[in-house]
Amino acid sequence: MGDVAFHTATTVDEALALLGDGSDARVVAGGSDLIVQARHGKSLPGTVIAIHRVDALRTLTSSGDLVVGALTSHATLCADAGVRSNWTAIADASALVGSHATRNVGTLGGNVMNASPAMETGGPLIVLGASVTLRSAAGDREVAIEELWTGPGKTSANPGEICVAVTVPAQPAHTGSAYVRLEYRRAMEIAIVGASACVTLDDAGNVTAAKVALTALAPTIIRSPAAEAAIIGTDGNDEALAAVTAGASADAKPISDLRANEDYRRAMAGVIAKRAVAVAAQRARGEEFPIPATPVFMKGSGQ
Amino acid sequence: MKHAATLTVNGMAYPVELEGDTTLVRAIRDDIGLTGTKEGCDDCECGACMVMIDGRPVNSCTYLALQAVGSDVTTVEGLADGETLSNLQSAFLDQGGVQCGFCTPGMLVSAHALLRENADPTEEEVRLALGGNLCRCTGYTKIASAVMQAAKASV
């Protein structure tokens, strides 16, 4: 590593002033992505601005819309009662991130701005209709999450902007959501394939609205229009779920790498998407489906 | 570019001069001289570098040392009371939860953090809480037994 200047900001304004136009500076929150990338050849910029002491960004409001300050950790997100009951897919995803140590330092803002097509929380944010607030010296602007990611590790944010919050709208009655990951091990895993679903039912139990997103199956996390069309207007029966499977597999654009080849990923895209839709529908009906366990923080302090 | 700072480790204040990109594990080992904390994968995967920052377990290989200024860092050296091992450390010896020993400091820190939050965990909870700590020798059974023994001893 090289000659790096280090600053700790305690307010967003201070961090923005230090960041300047962002041409040779980056903000670091938990470090779990930035420092790993620095080790893999993406060298650190000339100036690193630590924002982990900006307490104003460590907020979480879950009455009405869900407003998550950018520094809120996965540990806090997956333990929050409001997130667990009303935006459950986000709790599923945060509970699966890395290990307890990763969930302690890893933040939602960092996760979103790192723009990995395999990130756990990305699909849930898409199906729940999230947007991010980007702040610069010129002020705030709101960007729909689907317009933020432009490629692996790439966003439409300007280098001089800092993500300050993620907002997720309140969901209609009889809505359920889920994130399901295909994994080879339970901890420190990255999605082989992931799928998220958000399903809204009418009083008769028919699906009136549905969104399905596919993770680690394209250069960015993508929606699956075919899977969505397959479930909307049905009562979630087996035939509809089979069509979801076929639709998600058709919409996936997987690659082959050392963790899985293209054919396997495409086949599993359908299976995992079907499971996500089925769990979301189950939750929309008010039936229990457990969120992955994170024992330390269920009983503990979170952050 | 060296930055003068003070790191608080196991309750002691250490004046240090660190580069902006020095990781916490390097500062603990090279600048402070506490070598219990191990650098394993150096990639935020294996947990050998686990320390507690303000009571919460963190991989110190992917945390910048200067970010820990103003926080209390606890390493494996901070778990014993002088020469007296903690219940948890004794339990690792009793159960044979140590083979080559390289993962042991990280295992102890993660298990210590678990028991602080959850004094009476199930074995499943123990195994999940140690999910970020890899061991290539033991097969984990004796490590899990050791944490369960320590939990029983202190409940």
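Bear in mind the structure is a predicted one, so any value in this text is a computation, not a measurement. (Residues numbered from 1 in each chain as written. Chains lettered and ligands numbered in written order. Predicted model: local features only at pLDDT ≥ 70, side-chain atom pairs only at ≥ 80, totals over all residues. Heavy atoms only, no water.)

**Quick notes on unusual backbone geometry**
Part 1 of the argument: In this structure, A:Met188 is a non-glycine residue whose phi angle is positive, near 50 degrees.
Part 2 of the argument: Its place among the elements puts A:Met188 in the loop between strand S11 (175-182) and strand S12 (193-201).
Part 3 of the argument: One non-glycine residue, B:Asp42, adopts positive backbone phi at about 55 degrees.
Part 4 of the argument: Tracing the backbone shows B:Asp42 in the loop between helix H1 (24-32) and strand S3 (50-53). (Helix = DSSP H or I, 4+ residues; strand = E, 2+ residues; numbered from the N terminus.)

**A closer look at the domain arrangement of chain B**
All names here are of chain B.
Part 1 of the argument: For chain B, the domain assignment lists domain 1 (2-78) and domain 2 (87-154).
Part 2 of the argument: Just the C-alpha atoms count here: the centres of domain 1 and domain 2 sit 21 Å apart.
Part 3 of the argument: In this assembly, 15 residues from domain 1 lie in contact with 13 residues from domain 2.
Part 4 of the argument: Summed over the three residues of domain 1 that lose the most area to domain 2, namely Met50, Met52 and Val76, the buried surface amounts to 42% of that side.
Part 5 of the argument: Here domain 1 and domain 2 share zero salt bridges between them.
Part 6 of the argument: On inspection of domain 1 and its partner domain 2, the count reaches three residue pairs in polar contact (both at pLDDT 80 or more).
Part 7 of the argument: At three residues, the largest contribution of residues to the side of domain 1 that touches domain 2 is made by S3.
Part 8 of the argument: Across the side of domain 1 that touches domain 2, the residue classes tally to seven nonpolar, five polar and three charged. (Domains from an automatic or database assignment. Contact = heavy atoms within 4.5 Å. Buried area = accessible area lost by both parts, 1.4 Å probe. Salt bridge = Lys/Arg side-chain N within 4 Å of Asp/Glu carboxyl O. Polar contact = N/O pair within 3.5 Å; in protein donor to acceptor, adjacent residues only side chain to side chain. Nonpolar A, V, L, I, M, F, W, Y, C, P; charged D, E, K, R; others polar.)

**A closer look at helix H12 (residues 262-284) of chain A**
Residues and elements named next belong to chain A.
Part 1 of the argument: Given a rise of 1.5 Å per residue, 23 residues ought to cover 33 Å, and the 32 Å separating the end C-alpha atoms of H12 matches this to within 8%.
Part 2 of the argument: Two to three positions downstream of the cap, the backbone nitrogen of Asp263 sits 3.2 Å from a side-chain oxygen, assigning the N-cap of H12 to Asn261.
Part 3 of the argument: The first or second residue beyond H12 is Gly286, which carries a positive phi of 85 degrees. (Expected span 1.5 Å × (residues − 1).)

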